[in-house]
Amino acid sequence: MTESFDDLNLTDNLLRGIYSYGFENPSPIQGKAIPIMNEKKDLIAQAQSGTGKTGAFSIGVLNNIDVSSNTTQVVIINPTHELANQNFNVIKELSNYLDINILSVIGGTDVRKCQSDLSKNPHIVVGTPGRILDMIQKRYLVTENIKMIILDEADEILSYGFKDSIYGIIQYVPKESQICIFSATMPDDVLDLTEKFMVNPERVLVDRENLTLEGILQFYINVKINDWKYETLKDIYDTINVSQCIIYINSKNKLTEINDRLKHDGFPVECIHGELNSDYRKSIMEDFKSGKIRILLSTDLLARGIDIQQLSLVINYDLPRNKETYIHRIGRSGRYGRKGVSINFVTDRDMEHQNEISSFYN
Ligand code: ADP
Ligand code: MG
């Protein structure tokens, strides 16, 4: 295991950025992934939630930019606006002492501004699949000097909804570009898929039993039937109000309904989902990050990647539909070794699914 960032062949000004950001030593995934990225190899990197994957690819990317060339060299692709914004901010901070231009290219933002910003050939583009592909196809984003593509939450990005955009983007970049993919979960079908576009990737993989973090205590409450979930939530409200909390509800309609009901009953909560407008989503995220919002209801829009250190409780008002989503949702708490708690509301009909999750993750 790498003991120090000083041993990772990083440029001096990048090291300054890392230390002033507050990182002291590399996490295990950082120690493993950064050398592979430095060697220009393709990489499949899996590590538990909250263990520093963003830092890993951000440092790997920043260390490999040729600042003397005013060209776009790296594209970092993320599944949601929220995660793209967050990753943009981390890279920006880490690059504080470097002369590197970074641009976010995110759906729902002003297209004209995006086009004119791209004409300055930012070294690094961080964004979401649809907007990036659109900018490439319209030739605002020049791809001929791209040498690295990063997929964060890769299994999500390679799932049904995004797959075509990703293949589209990959078609436009030079064949020899390096592709590095990151996620806490790498289901077999995704690993199979990677063979289509990656060349002899180095693999850093974790067994599924080891995916759960010791710092996160996981509970369920048998609420018998769906109709009793709401009263249960109100019953435990005083307990959950002690910390910052995300409550996951599977559908947008139900989310809106519960949000309205809670507000009507005098509980100060807010909600977020993918069909709200971009600016509103951004302001909700800012208020949640600053702690102004304590309890946030969300669909799976925030299931992945979001990093809020004070967030210590996750409630699955509805059980997630798949096993991967479960581990991502509960991983919003317990960041970087902190303690967290998760509580599932389970109806009698959900019991079998609950048992599957329990045994899958040991
Ligand atoms: P992941 O993507 O693996 O879920 P993140 O990259 O979001 O995790 O990192 C989780 C948290 O850990 C962040 O708050 C980040 O600032 C912190 N972190 C990451 N790497 C280090 C490090 N080397 N030292 C200290 N804190 C770190
Ligand atoms: Mg992450």
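Higher on the page you've got the structure.
So, here's what we can say about the structure. (Residues numbered from 1 in each chain as written. Chains lettered and ligands numbered in written order. Predicted model: local features only at pLDDT ≥ 70, side-chain atom pairs only at ≥ 80, totals over all residues. Heavy atoms only, no water.)

1. Here's the deal with empty space enclosed by the protein
Step number 1: By the definition in use, this model includes one cavity of 30 Å³ or more.
Step number 2: Considering only enclosed or pocket space, the largest cavity measures out at about 40 Å³ in volume.
Step number 3: Contributing to the lining of the largest cavity are Ser49, Leu211, Thr212, Leu213, Ile216, Ile327, Ile330 and Gly331.
Step number 4: Split by residue class, the lining of the largest cavity holds five nonpolar, three polar and no charged. (1 Å grid on protein atoms, 1.4 Å probe; cavity = no way out; pocket = protein on both sides within 12 Å on 5 of 7 lines; lining within 4 Å. Points joined across faces, edges and corners; volume = space filled by probe spheres on them. Nonpolar A, V, L, I, M, F, W, Y, C, P; charged D, E, K, R; others polar.)

2. Considerations on unusual backbone geometry
Step number 1: We note that Asn200 has phi near 40 degrees; this positive angle belongs to a residue other than glycine.
Step number 2: Note that Asn200 resides in the loop between helix H9 (188-194) and strand S7 (202-204). (Helix = DSSP H or I, 4+ residues; strand = E, 2+ residues; numbered from the N terminus.)

3. A look at helix H5 (residues 111-118)
Step number 1: Burial in H5 covers these residues: Cys114, Gln115, Asp117 and Leu118. Around the axis of H5, the buried residues are gathered within 165 degrees of arc, so they sit on the same side.
Step number 2: Residues of H5 that are buried make contact with strand S3 (102-105), strand S4 (124-127) and helix H6 (129-137). (Buried < 20%, exposed > 50% of the residue type's maximum accessible area, 1.4 Å probe, protein only. Arc of directions from axis to C-beta. Contact = heavy atoms within 4.5 Å.)

4. Quick word on the nonpolar core
For soluble globular proteins, nonpolar side chains are generally found buried alongside one another.
Step number 1: Grouped together as the largest cluster of nonpolar side chains are 36 residues, with contacts concentrated most on Ile124, Ile150 and Phe182.
Step number 2: When residues no more than four places from it in sequence are discounted, the contact partners of Ile150 are Met37, Phe57, Val61, Val74, Val75, Ile76, Ile77, Cys180 and Phe182. (Core = buried A, V, L, I, M, F, W, Y, C linked by side-chain atoms within 4.5 Å.)

5. Regarding the packing of aromatic side chains
Step number 1: Considering all chains together, one arrives at nine aromatic pairs under this definition.
Step number 2: With 6.5 Å between their ring centres and 15 degrees between their planes, Phe5 and Phe23 make a pair best called stacked. With Phe5 in the segment before helix H1 (12-21) and Phe23 in the loop between H1 and helix H2 (28-38), the pair connects residues that are 18 residues apart, well separated along the chain.
Step number 3: Look at Tyr21 and Phe23: their rings are 5.0 Å apart centre to centre, the planes differ by 75 degrees, and that puts the pair in the edge-to-face class.
Step number 4: With relative accessibility at 25%, the residue Phe23 sits in the partly exposed group.
Step number 5: Site record: aromatic cluster; members linked through ring pairs are Phe5, Tyr19, Tyr21 and Phe23.
Step number 6: For Arg261, the ring lying beneath its charged end belongs to Tyr230, and the centroid distance is 3.8 Å.
Step number 7: Over the aromatic face of Phe360 sits the side chain of Lys323, whose NZ or CZ is 5.0 Å from the ring centroid. (Phe/Tyr/Trp six-rings, centres within 6.5 Å; stacked < 30°, edge-to-face > 60°. Lys NZ or Arg CZ within 6 Å of the ring centre and 35° of its normal.)

6. Re a negative patch on the surface
Step number 1: A cluster of like negative charges, contributed by Asp188, Asp189, Asp192 and Glu195, occupies part of the molecular surface.
Step number 2: Within the secondary structure layout, Asp189 lies in helix H9.
Step number 3: Residue Asp189 is classed as exposed on the basis of its relative accessible area of 53%. (Patch = residues over 30% accessible without salt bridge, like charges linked within 9 Å, V, L, I, M, F, W, Y side chains within 5 Å. Areas by Shrake-Rupley, 256 points an atom, 1.4 Å probe, with all protein chains shown as cover. Salt bridge = Lys/Arg side-chain N within 4 Å of Asp/Glu carboxyl O. Lys, Arg positive; Asp, Glu negative; His and termini not counted. Charge placed at Lys NZ, Arg CZ, Asp CG, Glu CD.)

7. Looking at helix H14 (residues 351-360)
Step number 1: Within H14, the full set of buried residues consists of Met351, Gln354, Ile357 and Phe360.
Step number 2: The inward-facing, buried residues of H14 abut strand S8 (216-224), helix H13 (323-330) and strand S13 (340-347).
Step number 3: Positive backbone phi, approximately 60 degrees, marks Asn362, located one or two places after H14.

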